[in-house]
Amino acid sequence: MRHELGYDDIRAAAERIAGRVRPVALAPGGDGDRDGDDRRWLALEYLQHTGSFKARGAQNFLQAHREAGSLPEAGVTIASGGNAGLACAWAARQQGVRATVFLPADAPGVKVARLRSYGADVRLVGAEYAEALAACEEFAAASGALASHAYDHPLIAAGAGTLLEEIHERLPGLDTVLVAVGGGGLFAGVAAAAREHGVRVVAVEPEGSRALHAAVAAGAPVDVAVDSVAADSLGARRATSLAVDATRHDGVRSVLVPDAAIVRARRALWEERRIAVEHGAATALAALPDGPDDAHGYRPAADERVCVVLCGANTDPATLTTPASA
């Protein structure tokens, strides 16, 4: 697989999925105390079809195969922590093909139920994403189904990168975008588009699920242990080479945040804005410091125009009002 995404890939994806996904909505992200403060913005991508940005990559992947005449009768299969599976099943239903989705056995029930509502054949395997992926690969080899991927494919990453195109169009003075990272597909696509527009990208990971951070330190993708409150959506053991390659360009920074900050950010979104997102989506916001003594994450300059991507909302709302384990 090629390890470099270019701006042409993002533009091609944007043309393929035009009219098939919802344009991103933006909302002011400041505290509301000052009129005209446009330095902080939230990209409400959790309002996307299927509840996450993954719909973009799934549409691009299946539409590209439709155009190439390479959608098999056996349909498409994918392993997922939930969101990529939802997007794949939704896009497959639109294309009139079958979807077989492999998830870890502890996948959130809300995601399993929604998958089945899209007509997917749901198979729960193992305790981690990597085990579900192995089962998915065996199924694809035996059945002839087209194997998609939650993040490690140029078409998937390019589709995700269309999000930055839309954000930049609406915020032409944008300096920096913050995105949560699991396997790195969203980050890789956003970074490819951001380079074209001179926008900095901050890749944010939980301390307990740091596949990209570890890869940057090692100089290549490596396996990591996964132990985070956001593991259901950011629980990849290994980052895609597309994301690792993107970190080698200027204007990119990788940061880690503790689970406690993720939980606080998620609760603040709910309590202050009535925005209900999953822990993975709140991870990007958790990188912005709570106060002057907060040492983790990314501290923007006073005049820096920043957009935080809230990338998914497939979560149980009841967990917003119950004590957190973190």
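One can find the structure itself at the top, above this paragraph.
Summarised in this report is the structure supplied together with it. Just so you know, these numbers come straight off a predicted model, no measurement behind them.

Calculation criteria
Residues numbered from 1 in each chain as written. Predicted model: local features only at pLDDT ≥ 70, side-chain atom pairs only at ≥ 80, totals over all residues. Heavy atoms only, no water. Helix = DSSP H or I, 4+ residues; strand = E, 2+ residues; numbered from the N terminus. Polar contact = N/O pair within 3.5 Å; in protein donor to acceptor, adjacent residues only side chain to side chain. Contact = heavy atoms within 4.5 Å. Salt bridge = Lys/Arg side-chain N within 4 Å of Asp/Glu carboxyl O. Buried < 20%, exposed > 50% of the residue type's maximum accessible area, 1.4 Å probe, protein only.

As for its position among the elements, Thr315 is in the segment after β10 (306–309). Within the structure, Thr315 has its side chain in polar contact with the side chain of Arg266 (distance 2.8 Å). Filtering out sequence-adjacent residues up to four positions away, Thr315 remains in contact with Val110, Arg266, Val277 and Glu278.

Now for the pattern of salt bridges. Close approach of charged atoms allows side chains of opposite charge to pair. Here the structure, examined in full by the defined rule, presents 12 salt bridges. Residue Glu166 is joined to Arg56 by a salt bridge in which the shortest nitrogen-to-oxygen separation is 2.9 Å. Residue Glu166 is located in helix α6 (residues 154–170), and its partner Arg56 is located in helix α2 (residues 54–68); the two are separated by 110 residues in the primary sequence. On the basis of relative accessible area, Glu166 is assigned to the buried category, the value being 16%. Put simply, Asp245 and Arg248 hold a salt bridge, and the shortest N to O gap is 4.0 Å. For Arg248, a relative accessible area of 53% corresponds to the exposed category. In this structure, a network of salt bridges that share partners links the residues Glu45, Arg56 and Glu166.

The analysis is restricted to geometry; functional conclusions fall outside its scope.
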